[in-house]
Structure formats: structure tokens, C-alpha cells
Amino acid sequence: MKKNDAILLILIIFFTLTYLLSFIRQSKKEEKRESVKSALINPKNAGEIYKIAFSSSGEEIELIKDKNSGFWFICRKGFEDIITSADKKKIENLLADLTTVRNMYKISDKISQNNSFGLTDSSAFVIRYYYQESFDELIFGNQDFSLSSRYMMSGRNTNVYEINDEIQKYLSTSIGFWAEPYLIPRAISGIKSAADIQSLSLSSGRKLEKIDQGLIELRHGGLPTEEEITNCMKSEAELTATFEVGNKVSIIMEFYKNDYENTFLVKTKCISQKSEKVLYSKISEWTYNKIKEITL
């Protein structure tokens, strides 16, 4: 065997043994951890939750449940009047996961200095949920070296736990992630297909009784800023569309030219027997032109 080949073989064996030993050490470490079976949120409180706030790295959004209708809405922190419809299914999945009993491994009784948990950093992800007359917090820090687990703690004490990182898919302050994606809100209106819409009246005087399915498949581009709303409301709407739904829900949509990035602001008023909500969203010029094309 050549000298270089022998050295290469020795290095391969060395790194293979080192790799295997790391798992043995990790296995021993896990055996020493205190295992606890618990849900992150008490299932008894889940039905009482009416607001969920997500915050990380200076960004924060809130999901608010309307007491009358039971629908969820999303708004930026500090702008409670700027709301859009939230993705009901995604919120239901979040609460289901948070109330599921899971294995939690206690790592420490307190956070020491120069720790690697990431629970006190600005990048820590905080979920604050409100129920009855109280609120609690869940704080999520860094992932472990395997990227399969994450450190977390409750706002009630300093105990640090390690849990499976399935919660990763919900750690977002993005409006696009939590908002219902469709321009014509489906959750609050009950619309599932174009057949659910009885008629569409346009400000041009045109009235449609047969609605193109492509219209309700159109999606919005997120939430406008307070400044954009203020500026757009100074002008007249370019187009107004009124939808009458079979379940006695009316949707009035006003489209305003938005000078910011050639977009359009959409003010949507949803009127039902139980409530009346005003939602705001933005769409691209392409989407606006598509609406005009479909409704010609």
C-alpha cells in the first residue's frame, strides 16, 4: 500500500470514529436529561384564546379573533384599524400543535451567562397568547446542533427545555404567511366557488350573474401601510365591485390607484347579519387589469 493511501485510510477511520463517538456522547447526554410530557398550551385554555401576537427581531403582528363571528383577522402592531382576513386553517393547525402533548427535555433551571440557547437575544421568537383576562408567553430560541430540536421556555419561569422543532413552520411574523391569500375573502364570506356568488355589480353599471372562477382565485399582495391608506383615500375609487353571496353576505370592494410601486389599494367591506368588517390589501397592476378583463 502506498504511503499516501495509508494516510488517507487512517484519516477516514479517524473521522468515522469521531462521528460515531459524537452520537454516543449525545445519546449519553440525552439519557441524563429530565424528560417531561406536556403540551405547550393547556388544552383547556385553547378555546378561550382570542388574540395571538408573534414577535421577533423587532417585527410583530397580531391575530385577533372577532367575538361575534368567530373569524380571525390580522393586523400590524400599533395599527389595529388596518386588518385583513387571517388563514383560519393555519391558526387551527397552530393551536392543535401547541396543545398536543409532547416530550420536553429539561436542559437547565435558569439561563446562565454566555449560553447558546438564544432565548434572550433579539432574534428569539415570542408567541404571546391572550385568553380570558390573562396572557402567557412561549419563547423559542436557537436550534440544537442537529437542527432537529429547539430550545424554548415559558414566560412564567426560567426553566429551559429542548423540544422537537416541528414548531419551526409557525415561527413567522410575515403577514403573507398568516393572512388569507385570496383577494376576495373566503373565510368571512363563506365563498368556496364562483357558484356561491349570486351577482356582481360594478360601478360602471354592469351587472354579472355568472361569475368567472378565475376571479375568486386571484390573490392579494399583502397589507398596505397606514400612510398608503391615508393617501389613497384622498382620491376617488377607480372601480367599485359589489358581490352578493347566497348566505346574505355582501362584499363591497373599492380599488384605488396607489402611487407606491404601481400597485392598487383594495378596501373591502364585508357585511353580514352578525358583523361588518373593513379589510385592506394591496394588489399588483397586473391583478387589477386581470379583474377588469374578467368583468368586461
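Heads up: the structure comes first, above all this text.
Residues numbered from 1 in each chain as written. Predicted model: local features only at pLDDT ≥ 70, side-chain atom pairs only at ≥ 80, totals over all residues. Heavy atoms only, no water.

Here the focus is the overall build of the protein. In terms of helices and strands, the protein carries seven helices and 16 strands. Sorting the 296 residues of the protein into buried and exposed places 43% on the buried side. Of the roughly 16900 Å² that the protein leaves accessible, carbon and sulfur atoms contribute 49%. (Helix = DSSP H or I, 4+ residues; strand = E, 2+ residues; numbered from the N terminus. Buried < 20%, exposed > 50% of the residue type's maximum accessible area, 1.4 Å probe, protein only. Areas by Shrake-Rupley, 256 points an atom, 1.4 Å probe, with all protein chains shown as cover.)

If you trace the backbone, Ile 64 turns up in strand β3 (residues 59-65). The partly exposed category is assigned to Ile 64, whose relative accessible area is 28%. Note: C-alpha distance between Ile 64 and Ala 86 (22 residues apart in sequence) is 8.8 Å.

Attention now goes to unusual backbone geometry. You will see that Leu 147, though not glycine, has its phi angle at about 65 degrees, which is positive. One can find Leu 147 in the loop between β8 (134-143) and β9 (149-154). Classification of Leu 147 as exposed rests on a relative accessible area of 56%. For Lys 248, which is not glycine, the phi torsion reads 65 degrees and is therefore positive. Mapped onto the secondary structure, Lys 248 falls in the loop between β13 (239-245) and β14 (250-258). Take Lys 248: its relative accessible area is 63%, and that puts it in the exposed class.

What follows concerns the side chain of Asp 136. Mapped onto the elements of the fold, Asp 136 is located in strand β8. Aside from chain neighbours lying at most four places away, what touches Asp 136 is Ile 127, Arg 128, Tyr 129, Tyr 131 and Arg 156. (Contact = heavy atoms within 4.5 Å.)

With that settled, the discussion passes to the pairing of strand β2 (residues 49-56). Taken across its eight residues, β2 has seven buried, putting it largely inside the fold. As paired strands, β2 and strand β7 (residues 125-131) are joined by six bridges and run antiparallel to one another. When the bridges of β7 are listed, Phe 54 appears paired with Ile 127. Across six bridges, the pairing between β2 and β3 is antiparallel. Bridged to Phe 54 within β3 is Ile 61. The turn joining β2 and β3, which pair antiparallel and follow one another in sequence, is formed by two residues; a positive phi near 55 degrees is taken by Ser 57. (Pairing = 2+ DSSP bridges.)

In this section: the sheet that holds strand β15 (residues 263-271). Strands in a sheet are paired, the pairing made by backbone hydrogen bonds, and the direction either parallel or antiparallel. An order of β12-β11-β13-β14-β15-β16 is seen for the six strands of this open sheet, with the pairing classed as antiparallel. Either end of the sheet is taken by a strand with one partner, and the two such strands are β12 (207-208) and β16 (276-284). Against the sheet, helix α7 (residues 285-294) contacts β13, β14, β15 and β16, and its axis sits at roughly 110 degrees relative to β16. (Axes fitted to C-alpha atoms, helices over the stretch in contact; angles between N-to-C directions.)

Let us look at the sheet that holds β3. Taken together, the ten strands give an open sheet; going across it, the order is β1-β6-β10-β9-β8-β7-β2-β3-β4-β5, and neighbouring strands pair in antiparallel fashion. The sheet terminates laterally at β1 (34-38) and β5 (83-85), the two strands that pair on one side only. If you compare each strand with its neighbour and ignore which way they point, the axes differ by 30 degrees on average. Packing against the sheet, helix α3 (residues 88-98) makes contact with β2, β3, β4 (72-76), β6 (102-108) and β8, and its axis sits at approximately 85 degrees to β2.

Okay, empty space enclosed by the protein next. According to the stated counting rule, one finds three cavities of 30 Å³ or more in the structure shown. Space inside the largest cavity adds up to approximately 70 Å³. Where the lining of the largest cavity is concerned, the elements lending two or more residues are β5 and β16. Top element by residues in the lining of the largest cavity is β16. It accounts for three residues. Among the residues forming the lining of the largest cavity, the class breakdown is five nonpolar, five polar and one charged. In this structure, the second largest cavity occupies an estimated 60 Å³ of space. Considering the residues around the second largest cavity, the lining is formed by Leu 183, Ile 184, Leu 200, Leu 202, Leu 215, Ala 241, Phe 243, Met 253, Phe 255, Ile 291 and Thr 295. Breaking the lining of the second largest cavity down by element, the ones donating at least two residues are β11 (197-202), β13 and β14. Class assignment of the residues belonging to the lining of the second largest cavity gives a composition of ten nonpolar, one polar and no charged. (1 Å grid on protein atoms, 1.4 Å probe; cavity = no way out; pocket = protein on both sides within 12 Å on 5 of 7 lines; lining within 4 Å. Points joined across faces, edges and corners; volume = space filled by probe spheres on them. Nonpolar A, V, L, I, M, F, W, Y, C, P; charged D, E, K, R; others polar.)

A few words now on the pattern of salt bridges. A side chain with one charge may pair with a side chain of the opposite charge, provided their charged atoms come close. The tally for this structure, following the rule as stated, stands at ten salt bridges. Glu 137 serves as the salt-bridge partner of Arg 128, at 2.6 Å between the closest nitrogen and oxygen. By relative accessible area, which is 28% here, Arg 128 ends up partly exposed. Of the charged contacts, one joins Asp 165 and Arg 150 as a salt bridge, the two residues approaching to 2.7 Å between their closest N and O atoms. A residue pair is termed long-range when its members are at least 10 positions apart, and Asp 165 in the loop between β10 (160-164) and α4 (175-178) and Arg 150 in strand β9 qualify at 15 residues. Assessed through its relative accessible area of 9%, Asp 165 is described here as buried. (Salt bridge = Lys/Arg side-chain N within 4 Å of Asp/Glu carboxyl O.)

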